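So you can see what is in the structure, the chains are spelled out below.
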Amino acid sequence: MNAPSSAIESVLVENRVFPPSEAVQKNARISGMPAYEALCAEAQKDYEGYWARLARENVVWSKPFTQVLDESNPPFYRWFADGELNASANCLDKHMGTAVEHKTAIIFEADDGQVTKVTYRELLQRVAQFANGLKSLGIQKGDRVLIYMPMTIEGVVAMQACARIGATHSVVFGGFSAKAVQERIVDVGASAVITSNFQMRGGKELPLKAIVDEALAMGGCEAVKHVLVYERTATACKMVAGRDITFTALLNGQSTECPPVAVGAEHPLFILYTSGSTGKPKGVQHSTGGYMLWARQTVNWTFDMKDSDVFWCTADIGWITGHTYVAYGPLAAGATQIVFEGVPTFPNAGRFWQMIERHGCTVFYTAPTAIRSLIKAAESDEKVHPKNWNLSSLRILGSVGEPINPEAWMWYYKNIGGERCPIVDTFWQTENGGHMVTPLPGATPLVPGSCTLPLPGITAAIVDESGNDMPNGAGGILVVKKPWPSMIRNIWGDPERFKKSYFPEELKGYYLAGDGAVRSEDRGYFRITGRIDDVLNVSGHRMGTMEIESALVAKTDLVAEAAVVGRPDDLTGEAICAFVVLKRPVPTGEEAKALANELRNWVAKEIGPIAKPKDIRFGENLPKTRSGKIMRRLLRSIAKGESITQDTSTLENPAILEQLAKTN
Ligand code: ATP
Ligand code: MG
């Protein structure tokens, strides 16, 4: 662990505050700060009692639990361990016979704009039928099934069907290479793969099944007995006799009834790999009971979900956000949600705004990377500016995945939310299962760029490298002091790495998130300052990367996106290098020099001379994970002039590395 030895100085001061409007607060599930504080007090007074109450209210148990938290073998915590349930029954069966039964569960919009809707009843039938298909192949409780599917109703059905029979799924994003698929098949020991012949993205038909074939041919995948193939398009793909089966053949004659298999609360619902921003992805193992509790509870709290809402989380099911806030949470909450197959820039960069208008979306949840790229698009082309669409249906906006720079926050607030919609900036990780630190739309006064306060019961704190609490205003390491129900249970098959990565001894047994953060002096609000491995030390001043990046992005006439890293420097210990994407073509020669100087002076003025980047490099883009996060670890190598030898399996755009290495 590369922990700061002293406080990280926080230099970014944000004075804008947006209290919840009366309209939003009035009918909110958590209305006003006293309601939030009452829940926090309840959790503090009787921690286990609080979680037990939420678990009884949010989850349907086929066998009620009598134990709450089992701490006998830390950090392998167990929650509600003698209880039994089924995740799919908690999303579907429980709505039958209620007003939700015939409500639309999913509004699916395909890449080409075609819309399909399914009700909760229909979804249950499809899941049950698919589950029977899985059973007919001999797949059963405890088996691992790898899912490599496009964003489709069928993708959600596949996940739910695995859950229904107690098989543990592991979803791999449909953009990953054969090598990444093979590694995950081997790591989880999958006995079946669910895929699609092709996927449609941006008007193009891209192969999926062929990539699975390639992965299986790489070896080590002998445990895979079946490959299930969804016929997304009419184009044929190669089928291996005896191993491969189409969805049509699989489902033919299968009953639409399938009783859900009860599993213990600790049964692994899924294994999901992290994004790989800071290193080789980790296979995060989640539980069933604690996970389902938090998936449903956070949908209701953070998004204040109402019967009339039309929810849209733009994340792919290949990410944790697409698990908790597409495949499980909204269904457990009985919400209507939009599932989108395509990309935000096809047929043009107005697609999201057009879809919000078309479907009357009320709660919209996306990532800063999407917001930043759509700002850039809107500012260079009037035709795709959100003002061209009627976005008045929106009532709540959300952000997830990276810190959102205050200037991007303001643009989102004004241009998408019409200065009417609260923005919930939700901090959480694959390992967390659900939201951790986030505003509540009807309670928390918002500060741009801040994820504000922990949800009730989440004991997030900021400590030094020995686990001592830091005062407000002084930054440090973000930890969670007590176990919580939806936390990671293990790194699949690697308990040693699990202990070392998340529960280092020097931190008193606290969960280590790996992010640096600071709490504001006035409100105690959390702000993420960057990954702890990315902390800069310039002449003894410790700074988070986020501060300098936000200052650069605040130069709104020029800068679309920025990433900051350090490189060794004889004079200052570490020198700041900024990689900048402009809202204009990549400059060269004298123009580049002049712009770099302008930006240096700008940062000096915004933060102080100490934060002035020594190097500024311009590029068309930044290296990002396929989930859209900036990979600063690669930029660190480029800044040092090293060649890249690290794991790049989750890198979206390898070509950018060369471009950035060349420019100066
Ligand atoms: P890896 O763990 O493999 O390096 P990763 O950390 O990017 O990858 P994820 O679990 O997808 O994998 O992302 C979690 C991280 O995303 C957090 O640790 C944090 O750095 C960042 N993050 C997510 N939401 C927010 C947010 N609202 N504000 C700030 N940072 C966020
Ligand atoms: Mg991480």
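An unreviewed UniProt entry lists the protein under the name Acetyl-coenzyme A synthetase, from Comamonas aquatica DA1877. Under the UniProt heading Cofactor (unreviewed entry), the entry covering the protein gives this text: "Mg(2+)". You can read under Catalytic activity (unreviewed entry) in the UniProt record for the protein the words "acetate + ATP + CoA = acetyl-CoA + AMP + diphosphate".

A. Representation of the domain arrangement of the protein in the model. Partitioning the protein into structural domains gives domain 1 (22-343 + 427-515) and domain 2 (539-661). Computed over C-alpha atoms only, the centres of domain 1 and domain 2 are separated by 33 Å. With 12 residues of domain 1 at the interface, the matching set in domain 2 holds nine residues. Summed over both sides, the interface of domain 1 with domain 2 buries roughly 910 Å², with 54% coming from carbon and sulfur. If you sort the residues of domain 1 by the area they bury against domain 2, F176, S275 and S277 come out on top, with a joint share of 43%. At the junction of domain 1 with domain 2, the criterion picks out zero salt bridges.

B. Inspection of the site of ligand 1 at higher detail. The local shell around ligand 1 holds 20 residues, among which G276, S277, T278, T430 and D515 are the closest. At 2.7 Å, a side-chain N or O of T274 approaches an oxygen atom of ligand 1. In this structure, T278 approaches ligand 1 through a side-chain N or O atom, which is 2.5 Å from an oxygen atom. Partitioned by chemical class, the residues of the shell around ligand 1 number four nonpolar, nine polar and seven charged.

C. Looking closely at empty space enclosed by the protein. A full pass over the atoms with the stated rule returns seven cavities of 30 Å³ or more. In this model, the largest cavity occupies a volume close to 60 Å³. Contributing elements (two or more residues each) for the lining of the largest cavity: α16 (545-553) and β28 (559-569). At three residues, α16 tops the list of elements feeding residues into the lining of the largest cavity.

D. Inspection of the pattern of salt bridges at higher detail. Throughout the structure, instances matching the rule amount to 40 salt bridges. A salt bridge links R53 to E42; the shortest N-O distance between them is 2.8 Å. In this pair, R53 is assigned in helix α3 (residues 47-58) and E42 in helix α2 (residues 33-45), connecting sequence segments 11 residues apart. Classification of R53 as partly exposed rests on a relative accessible area of 27%. The residue D309 makes a salt bridge to R395 at a minimum N-O spacing of 2.9 Å.

E. Here's a closer look at the sheet that holds strand β30 (residues 615-618). Taken together, the three strands give an open sheet; going across it, the order is β28-β29-β30, and neighbouring strands pair in mixed fashion. In this open sheet, the two edge strands, each paired with only one partner strand, are β28 and β30. Taken pair by pair, the neighbouring strands of this sheet meet at an average axis angle of 25°, ignoring direction. Judged from the 10 bridges that link them, β28 and strand β29 (residues 573-582) form a sheet pairing that is antiparallel. Note that in β29 the partner of P568 across the bridge is E574. Along the sheet face, helix α18 (residues 632-640) touches β28, β29 and β30 and points at about 60° away from the line of β28.

F. Just the UniProt feature "binding site: CoA" (unreviewed entry) in the protein, in detail. Within the UniProt annotation, "binding site: CoA" (unreviewed entry) is assigned to R201, G202, G203, K204, T321 and S539. These annotated residues cover 339 residues of sequence, and their C-alpha atoms reach 51.0 Å apart at the extremes, leaving them scattered rather than at a single site. Examined against the element boundaries, K204 turns out to sit in strand β10 (residues 204-207). Here S539 lies in the loop between β26 (536-538) and β27 (541-543). Given the relative accessible area of 42%, S539 is considered partly exposed. Ignoring sequence-local partners within four residues, the contact set of S539 consists of T572 and I610.

G. Structural detail: α18. Where burial is concerned, most of α18 is hidden: seven out of the nine residues are buried. At its buried positions, α18 is contacted by α16, β28, β29, β30 and α19 (655-662).

H. Structural detail: the packing of aromatic side chains. Counted under the stated rule, the structure contains 40 aromatic pairs. These aromatic residues form a ring-pair network of at least three members: Y47, Y50, W51, W61, F65, W79, F80, W294 and W301. Here the basic side chain of R184 rests over the ring of F176, its NZ or CZ set 4.9 Å away from the ring centre. Geometry around Y273 places R184 over its ring, the cationic atom sitting 4.9 Å from the centre.

Conventions used here
Residues numbered from 1 in each chain as written. Chains lettered and ligands numbered in written order. Predicted model: local features only at pLDDT ≥ 70, side-chain atom pairs only at ≥ 80, totals over all residues. Heavy atoms only, no water. UniProt positions renumbered as here; feature names shortened; annotations may be inferred. Domains from an automatic or database assignment. Contact = heavy atoms within 4.5 Å. Buried area = accessible area lost by both parts, 1.4 Å probe. Salt bridge = Lys/Arg side-chain N within 4 Å of Asp/Glu carboxyl O. Near = heavy atom within 4 Å. Polar contact = N/O pair within 3.5 Å; in protein donor to acceptor, adjacent residues only side chain to side chain. Nonpolar A, V, L, I, M, F, W, Y, C, P; charged D, E, K, R; others polar. 1 Å grid on protein atoms, 1.4 Å probe; cavity = no way out; pocket = protein on both sides within 12 Å on 5 of 7 lines; lining within 4 Å. Points joined across faces, edges and corners; volume = space filled by probe spheres on them. Helix = DSSP H or I, 4+ residues; strand = E, 2+ residues; numbered from the N terminus. Buried < 20%, exposed > 50% of the residue type's maximum accessible area, 1.4 Å probe, protein only. Pairing = 2+ DSSP bridges. Axes fitted to C-alpha atoms, helices over the stretch in contact; angles between N-to-C directions. Phe/Tyr/Trp six-rings, centres within 6.5 Å; stacked < 30°, edge-to-face > 60°. Lys NZ or Arg CZ within 6 Å of the ring centre and 35° of its normal.

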